Amino acid sequence: MLLLQRYSQINIFKNMKFSELYKLLEEHGWQKDGGSRHEHYVHPDYDYFIPVGRHPSKEVPKGTLNKMLKDAGIKKK
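Residues numbered from 1 in each chain as written. Predicted model: local features only at pLDDT ≥ 70, side-chain atom pairs only at ≥ 80, totals over all residues. Heavy atoms only, no water.

Caption draft 1: Spatial organisation of the pairing of strand S3 (residues 49-53). By the bridge criterion, five bridges tie strand S2 (residues 38-42) to S3 in an arrangement that is antiparallel. Within the sheet, the bridge partner assigned to histidine 40 lies in S3 and is proline 51. Once S2 ends, the chain turns through six residues before running back antiparallel as S3. (Pairing = 2+ DSSP bridges. Helix = DSSP H or I, 4+ residues; strand = E, 2+ residues; numbered from the N terminus.)

Okay, here's the thing in structure tokens:
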């Protein structure tokens, strides 16, 4: 909930690590569903998955982060 409050207040997603993205997706109802090279996050309300790299300590590239957040319904399109 802390990450959700932190990023909801500023509504700008910059310099986020993959580990923070995992937590943010899970706070919004997305769940890990395996995957070989990437984690697949699925949500009961969406008919697709979001592939997320397995690099917990690295930062997510800005464009990649924006695309994932838009696909997850966290950031407005």
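Caption draft 2: Broad picture of helix H2 (residues 18-27). When we look at burial in H2, the residues that qualify are Phe18, Glu20, Leu21, Tyr22, Leu24 and Leu25. Once H2 ends, the next one or two residues include glycine 29, with phi positive near 95°. (Buried < 20%, exposed > 50% of the residue type's maximum accessible area, 1.4 Å probe, protein only.)

Caption draft 3: A look at the pattern of salt bridges. For the structure on display, the rule yields two salt bridges. Among the ionic pairs, lysine 67 bridges to aspartate 71, the shortest N-O distance being 3.0 Å. With lysine 67 and aspartate 71 both in helix H3 (residues 62-72) and four residues apart, the pair spans about one turn of that helix. (Salt bridge = Lys/Arg side-chain N within 4 Å of Asp/Glu carboxyl O.)

Caption draft 4: A look at the environment of methionine 16. Along the chain, the position of methionine 16 falls in the loop between helix H1 (2-10) and H2. In this structure methionine 16 comes out as buried when scored by relative accessible area, which is 0%. Residues methionine 16 and leucine 65, 49 residues apart in the sequence, show an inter-C-alpha distance of 8.0 Å.

Caption draft 5: Fine view of H3. All of the buried residues along H3 are Leu65, Asn66, Met68, Leu69 and Ala72. Taken end-on, H3 shows its buried residues confined to a sector of 165°, consistent with a single buried face. Those residues of H3 that are exposed and angled more than 90 degrees off the buried face are Gly63 and Lys67. Buried residues belonging to H3 abut H2 and S3. Of the residues one or two after H3, glycine 73 is the one with positive phi, at around 80°. (Arc of directions from axis to C-beta. Contact = heavy atoms within 4.5 Å.)

Caption draft 6: Spotlight on the confidence of the model for the protein. Across the protein, pLDDT averages 85, with 82% of residues at or above 70. The element-level mean pLDDT for the protein is lowest in H1, coming to 52, with strand S1 (residues 31-32) highest at 95. (pLDDT = per-residue confidence, 0-100.)

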